[in-house]
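Structural description and commentary
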Amino acid sequence: ELAFFDSLLRIYGQARRVRNSGTISVAFQNLNDRSAGVSLNYKWLEAGLERQTYDTDSITYNAVRSYEKLTFRPYSGGLLIFSGEQSETKHLGGQESQKTTSYICRYQQSVSYSLDIYAMAGIRHEDLDSVERDLTSAELSLSYTIGKLKCDLSHTYEDEETASETRQKRRTQIRVERRFW
């Protein structure tokens, strides 16, 4: 990794190579994985671009990924994060490709010493060889702590849509935890 201008700009890379040998009855995989990227970090902004080549005995693909993240502290004890990611993966050998776009907004606020609120909403669009899928999710949770007792209450909503079906999931969870030391 190379960092420039007090880590404002980073250039990084990684390479892994694994060679396995064994009998036919044991499934070993040979692996070549190379990735490189560049990222920019300035105050509340983080953005980057990565490229990966992944090659094993069973799967080979090239991928390009970009991401961006905005982080704000609007109030004392509050944290607001907007993030996005776009990627394209092309499988070699076949003509399969996958494009993915996702955006997420998160907010966390410490209301008091013992009460925290967390909210999240996100969308994701996937296109795998013209088969499209949309995912939507949201979560709201409260966390209350008194001494060694912690209570969490959360509600999660998930919606998944394809051309042929729609699935909706809702989950409410209550968790009580007592620490003994």
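Located above this text is the structure these notes cover.
Now for a description of the structure that goes with this document.

**Brief notes about the pairing of strand 3 (residues 31-42)**
- Examined bridge by bridge, strand 2 (residues 9-18) and strand 3 share ten bridges and lie antiparallel to one another. Looking across to strand 3, one finds that Gly 13 is bridged to Ala 36.
- Pairing of strand 3 with strand 4 (residues 45-56) involves twelve bridges; the strand directions are antiparallel. Residue pairing for strand 4: Gly 37 is matched across the bridge by Glu 50.
- Joining the antiparallel neighbours strand 3 and strand 4 is a turn of two residues, in which Lys 43 adopts a positive phi near 50°.

**Side note on the side chain of Ser 143**
- Within the secondary structure, Ser 143 is located in strand 9 (residues 131-146).
- Looking at Ser 143, its side chain comes within polar contact range of the side chain of Asp 152, at 2.8 Å.
- Ignoring anything within four residues of it in the chain, the contact list for Ser 143 reads Ser 114, Leu 115, Asp 116, Lys 150, Cys 151 and Asp 152.

**Side note on the sheet that holds strand 6 (residues 78-91)**
- Read across the sheet, eleven strands follow the order 1-2-3-4-5-6-7-8-9-10-11 without closing on themselves; strand pairing throughout is antiparallel. Looking along the sheet, the strands with just one partner apiece sit at the ends: strand 1 (2-4) and strand 11 (166-178). Geometrically, the sheet is characterised by an average inter-axis angle of 10° between neighbouring strands, direction not taken into account.
- Where strand 10 (residues 149-162) and strand 11 come together, 13 bridges link them in antiparallel fashion. Across the sheet, residue Glu 161 finds its bridge partner in strand 11, namely Thr 166.

**With respect to the environment of Tyr 75**
- Note on placement: Tyr 75 falls in the loop between strand 5 (60-72) and strand 6.
- In the structure, Tyr 75 is positioned 35 residues away from Ser 110 in sequence and 9.6 Å away in space, judged by C-alpha atoms.
- Beyond its immediate chain neighbours, meaning those up to four positions away, Tyr 75 contacts Tyr 107 and Gln 109.

**Remarks on the pattern of salt bridges**
- In the structure shown here, the tally under the stated rule is twelve salt bridges.
- Across the pair Lys 90 and Glu 88 runs a salt bridge, and its minimum N-O distance is 3.9 Å.
- Its salt-bridge partner being Glu 165, residue Arg 167 comes within 3.0 Å of it at the nearest N-O pair.
- A relative accessible area of 43% means that Arg 167 is categorised as partly exposed.

Conventions we followed
Residues numbered from 1 in each chain as written. Predicted model: local features only at pLDDT ≥ 70, side-chain atom pairs only at ≥ 80, totals over all residues. Heavy atoms only, no water. Pairing = 2+ DSSP bridges. Helix = DSSP H or I, 4+ residues; strand = E, 2+ residues; numbered from the N terminus. Polar contact = N/O pair within 3.5 Å; in protein donor to acceptor, adjacent residues only side chain to side chain. Contact = heavy atoms within 4.5 Å. Axes fitted to C-alpha atoms, helices over the stretch in contact; angles between N-to-C directions. Salt bridge = Lys/Arg side-chain N within 4 Å of Asp/Glu carboxyl O. Buried < 20%, exposed > 50% of the residue type's maximum accessible area, 1.4 Å probe, protein only.

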